[in-house]
Amino acid sequence: MDRTLVFLLCLMLLTQSVYTPQTTLDKVRQYTGSLEFDYFTWETNSLILKLGISGLHMEDRVSAPMQHDFVVKYFDLVKNEENLAGQISLIYANPAVSNPKTQAATLLDQQQQLQALLDEMAPVVEDILQSQVSQVLADSGLSLGGQTMPSLLFHTTPLPKALIVSPRDVIRQDVNISLLADLPLDQITHLEDTISKTLNVSVLIEDIGGVGVYPTMVMQSSSPTWVIQTIAHEWTHNYLSLHPLGLNYDTTPELRTMNETTADIVGTEIGAIVVDRFYPEWKTASIPSTRNHYGLADNSVPDDTFDFNHEMHVTRVQVDELLKQGKIDEAENYMEQRRQVFVEHGYLIRKLNQAYFAFHGAYAETAQGAAGTDPVGPAVRELRAKSSTLADFVNKIAGMSSFSDLQKTSSSNQ
């Protein structure tokens, strides 16, 4: 064979064997491959666990007062665990402590024992809450023959972290990758900085509070109202995934906001009913005011006179305006200045950037917040206000596959 032909054939084979990442997602995954969360293994193990516990039928075998007391005791113990974690964090953060592991040894041992007890109690608590939330969903018309579809299943677990990427010149979520739950902070910041500098993008690795896989994932928290709301929120994602809205979740940013705002509304309304019916003593309990995807704030005590949602709304509007003018550096400097203001008022935001707004802006249940002047959230809330029941609202929006569908429905109701 002609040597030139052989050379060309070899060159072609060599060229085809070299992978060149094309999309932003592909480029980011060059840095995250070994750090990504294994959903398949988690779901397999969780389904086995849920099937094993499904035979308990706590609602039939244990009286309602005993179920109530067991759940209340569980959340009291979670609060104790969080307090221990806070004391341990203070020891490790104290520069005057030369050997924090030794000094915190007793607390660490107490924390380990308490967490082991919580892990034993969690499956029973999950079974009780699944039944109670399912009852309320069915009573609200969100069921088929009295059975939620799909059946409500959730599991309390350490949550994966979300790696969010946005362009620097506009707020838009281009990448959302789930990373390992136990990534240390130094590795998080190194990964953020590396991807940001290499790809010239805005990056944030954020804690989350729930994931709409099946069973759904919910983080451990001492706020029972928040947990119940999150259970209903994540089930809503399961429900929507059987309809056009959920199937098109990642098609456009508008559809993502429609999905998340709908789930927020369902979570809030169903959560309030569950608490009122089964745990009336929790009705006055406050819900953490700063949330990562629903995640909780730090253990700091925020300033009650500081309106977090309003100030975040103001910040987002100003950032959008600066980016619209092409003033990227000015926008990023402004966000850092504003982050420091939030920290001064007790809201310990680690990083405030375009990726932060791209992620949090999709949760537009309230009129003000990280969504800024985005019209999608208000349109979803308007549809809920004009719907006679929660089920009517959910059934209407579930069938939509574009923001224009929502706009048409809103205009036809005027």
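Let us look at the structure shown here.

Reading guide: rules and limits
Sequence order as written defines the numbering, with residues in each chain counted from 1. A pLDDT threshold of at least 70 governs which residues receive local features in this predicted model, and a stricter bar of 80 or more applies before side-chain atom pairs are shown or counted, although totals over entire chains, interfaces and linings include all residues. Only hydrogens and water are set aside; all other atoms, that is, all heavy atoms of the structure, feed into the side-chain values. For two strands to be treated as a pair, DSSP must find at least two bridges joining them. Under the scheme used here, helices are H or I runs from DSSP no shorter than 4 residues and strands are E runs no shorter than 2 residues, and both carry numbers assigned from the N terminus. Contacts were defined at the residue level, with two residues in contact if any of their heavy atoms lie within 4.5 Å. Axis definition: a line fitted to C-alpha atoms, limited for helices to the stretch in contact. Angles are taken between N-to-C directions and run from 0 to 180 degrees. Put simply, two rings from Phe, Tyr or Trp (the six-membered ring, in Trp's case) pair if the centres are within 6.5 Å, and we call them stacked under 30 degrees between planes, edge-to-face over 60, tilted for the rest. Buried means the residue's accessible area, taken with a 1.4 Å probe over protein chains only, is under 20% of the maximum for its type, while exposed means over 50%, and partly exposed covers the values in between. When the NZ atom of lysine or the CZ atom of arginine is within 6 Å of a ring's centre and also within 35 degrees of its normal, the charge is said to sit over that ring. Lining residues are defined by having an atom within 4 Å of a point belonging to a cavity or pocket. Those points lie on a 1 Å grid over the protein atoms alone, cavities being sets where a 1.4 Å probe fits but cannot get out and pockets being open sets with protein on both sides within 12 Å along at least five of seven lines. Grid points are joined across faces, edges and corners, and a volume is the space filled by probe spheres set on the points. Residues are grouped as follows: nonpolar covers Ala, Val, Leu, Ile, Met, Phe, Trp, Tyr, Cys and Pro; charged covers Asp, Glu, Lys and Arg; every other residue, Gly included, is treated as polar.

### Some points on the sheet that holds strand β1 (residues 154-156)
And step 1. The strand order across the open sheet formed by three strands is β1-β6-β5, and the pairing between neighbours is mixed. The two strands at the open ends of the sheet, each matched to only one other strand, are β1 and β5 (210-211).
And step 2. Bridge analysis of β1 against strand β6 (residues 216-218) gives three bridges, and the strand direction is parallel. The partner of His155 across the bridge, within β6, is Met217.
And step 3. With respect to the sheet, helix α3 (residues 39-53) is in contact with β1, β5 and β6, its orientation differing from that of β1 by roughly 105°.

### Some details on the packing of aromatic side chains
And step 1. Under the criterion given, the structure shown has twelve aromatic pairs.
And step 2. Relative to Tyr279, the ring of Phe278 has its centre 6.5 Å away and its plane inclined at 50°; by these criteria the two rings are tilted.
And step 3. Residue Phe278 is classed as buried on the basis of its relative accessible area of 19%.
And step 4. Given a relative accessible area of 0%, Tyr279 falls into the buried group.
And step 5. Seen from the ring of Phe154, Lys50 lies directly overhead, with NZ or CZ sitting 5.6 Å from the centre.

### Description of unusual backbone geometry
And step 1. Each neighbour pair has its own omega, and for Met149 with Pro150 the value is -5°, a cis peptide bond.
And step 2. Along the chain, Pro150 turns up in the loop between α7 (105-139) and β1.
And step 3. The omega angle of the peptide bond from Tyr214 to Pro215 is -5°, so this bond is cis rather than trans.
And step 4. Secondary-structure assignment places Pro215 in the loop between β5 and β6.
And step 5. A positive phi angle, near 55°, is found at Asn200, a position not held by glycine.
And step 6. Inspection of the secondary structure puts Asn200 in the loop between α8 (185-199) and β4 (202-206).

### Some thoughts on empty space enclosed by the protein
And step 1. Per the stated rule, a full pass over the model turns up two cavities of 30 Å³ or more.
And step 2. Counting residues per element, the ones that place at least two in the lining of the largest cavity are α5 (64-93), α7 and β1.
And step 3. When residues in the lining of the largest cavity are grouped by element, the largest group, four residues, is from α7.
And step 4. Considering only residue class, the lining of the largest cavity consists of nine nonpolar, three polar and one charged.

### Regarding the layout of surface pockets
And step 1. Its boundaries defined by the atoms lining it, the second largest pocket holds a volume of some 830 Å³.
And step 2. What lines the second largest pocket is a set of 30 residues, and nearest its centre among them are Gln173, Asn176, Tyr249, Asp250 and Arg256.
And step 3. Broken down by secondary-structure element, the contributors of at least two residues to the lining of the second largest pocket are β3 (175-179), β5, α9 (224-240), α10 (244-247) and α11 (253-278).
And step 4. Looking at the lining of the second largest pocket element by element, the count peaks at four residues for α11.
And step 5. Its residues assigned to classes, the lining of the second largest pocket shows eleven nonpolar, twelve polar and seven charged.

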